[in-house]
Amino acid sequence: TQLLEQSPQFLSIQEGENLTVYCNSSSVFSSLQWYRQEPGEGPVLLVTVVTGGEVKKLKRLTFQFGDARKDSSLHITAAQPGDTGLYLCAGAKSDMRFGAGTRLTVKP
Amino acid sequence: DAGITQSPRYKITETGRQVTLMCHQTWSHSYMFWYRQDLGHGLRLIYYSAAADITDKGEVPDGYVVSRSKTENFPLTLESATRSQTSVYFCAGSTGRTYEQYFGPGTRLTVT
């Protein structure tokens, strides 16, 4: 059983569409990180959220940490083919725990 | 600035053989980690190290051994490889146990 559940597992959309992916848990985390991983490479950090209710924006990406610090969402506006990849969330407790990821494909 | 390098990038070995995956950092991160990534499971922590000569088990340590005699190197050894250890292995470095992690490119290991 994953400590962090990510949904959907797979998502395929057309360029220009908006999307939201989710990272849920029954555990409280001191912080939560989002990474993007491209094929044949290691994950790369996108953002860290620390405070419950916190919202961070990174160009067309909006990250939100749940009020209770148990869940998070990533919203992408006007998706582009360059957004294609595996999006991983990771929650910090005594150590980092990763979700299984959402594999996003953006078709031109 | 290579950051975290891993070698080999691809490895095929037979059941029962010993195999060592190498990890080297050009930075001075105190923490280093080994993960395995499997479909449906995400990244699972095998071992981590807080400093030279200090290592500790993660979520899935059985069948693996690590050492860290120098800060920059953190090799992972499979003492007697099994097919269930077929996976992609990632090494990562960080300034803290729960801080941002910088990952290497991974080693794809196949045990036949």
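Look up: the structure comes first, before these words.
Quick summary incoming for the structure in this document.

**Concerning the overall build of chain A**
- Check the secondary structure of chain A and you find zero helices and eleven strands.
- In chain A, the succession of helices and strands from N to C terminus is β-β-β-β-β-β-β-β-β-β-β.
- Taking 13 Å as the expected radius of gyration for a compact globule of 108 residues, we find that chain A reaches 13 Å, a close match to that expectation.
- Dimensions of chain A, computed from the C-alpha atoms along their principal axes, are close to 40 × 25 × 20 Å.
- By the burial criterion, 46% of the 108 residues in chain A qualify as buried.
- As presented, chain A carries roughly 5,100 Å² of accessible surface, and 49% of it is formed by carbon and sulfur atoms.

**Re the pattern of salt bridges**
All names here are of chain B.
- Evaluation of the coordinates by the stated rule reveals eight salt bridges over all chains.
- Note that Asp38 and Arg44 form a salt bridge whose closest N and O atoms lie 3.0 Å from each other. In this pair, the class of Asp38 matches that of Arg44, namely buried.

**Quick look at the packing of aromatic side chains**
- As enumerated under the stated definition, the model contains twelve aromatic pairs over all chains in all.
- Residues Tyr35(A) and Phe103(B) carry aromatic rings whose centres are separated by 5.8 Å and whose planes lie at 90 degrees to one another, so their mutual orientation is edge-to-face. Linking Tyr35(A) in strand β4 (residues 31–37) with Phe103(B) in strand β10 (residues 102–103), this pair reaches from one chain into another. Each member of the pair Tyr35(A) and Phe103(B) is classed as buried.
- Centre to centre, the rings of Phe90(B) and Phe103(B) are 6.4 Å apart; their planes meet at 85 degrees, and the pair counts as edge-to-face. In this pair, Phe90(B) is assigned in strand β9 (residues 87–94) and Phe103(B) in strand β10, connecting sequence segments 13 residues apart.

**Concerning the interface of chain A and chain B**
- Between chain A and chain B, the contact holds 21 residues from the first and 18 residues from the second.
- When the two sides are added together, the surface that chain A and chain B hide from each other amounts to roughly 1,500 Å², 53% of it contributed by carbon and sulfur.
- Its largest share of buried area at the contact with chain B, chain A owes to Pro43(A), Met96(A) and Phe98(A), together 27% of the area lost on that side.
- Run the count over chain A and chain B and you get one salt bridge.
- Put simply, Arg97(A) and Glu59(B) hold a salt bridge, and the shortest N to O gap is 3.9 Å.
- Where the side of chain A that touches chain B is concerned, the elements lending two or more residues are β4, β9 (85–92) and β10 (96–98) of chain A.
- Among the elements that line the side of chain A that touches chain B, the one with the most residues is β4(A), at four residues.

What counts, and at which threshold
Residues numbered from 1 in each chain as written. Chains lettered and ligands numbered in written order. Predicted model: local features only at pLDDT ≥ 70, side-chain atom pairs only at ≥ 80, totals over all residues. Heavy atoms only, no water. Helix = DSSP H or I, 4+ residues; strand = E, 2+ residues; numbered from the N terminus. Rg over C-alpha atoms; globule rule 2.2 N^0.38 Å. Buried < 20%, exposed > 50% of the residue type's maximum accessible area, 1.4 Å probe, protein only. Areas by Shrake-Rupley, 256 points an atom, 1.4 Å probe, with all protein chains shown as cover. Salt bridge = Lys/Arg side-chain N within 4 Å of Asp/Glu carboxyl O. Phe/Tyr/Trp six-rings, centres within 6.5 Å; stacked < 30°, edge-to-face > 60°. Contact = heavy atoms within 4.5 Å. Buried area = accessible area lost by both parts, 1.4 Å probe.

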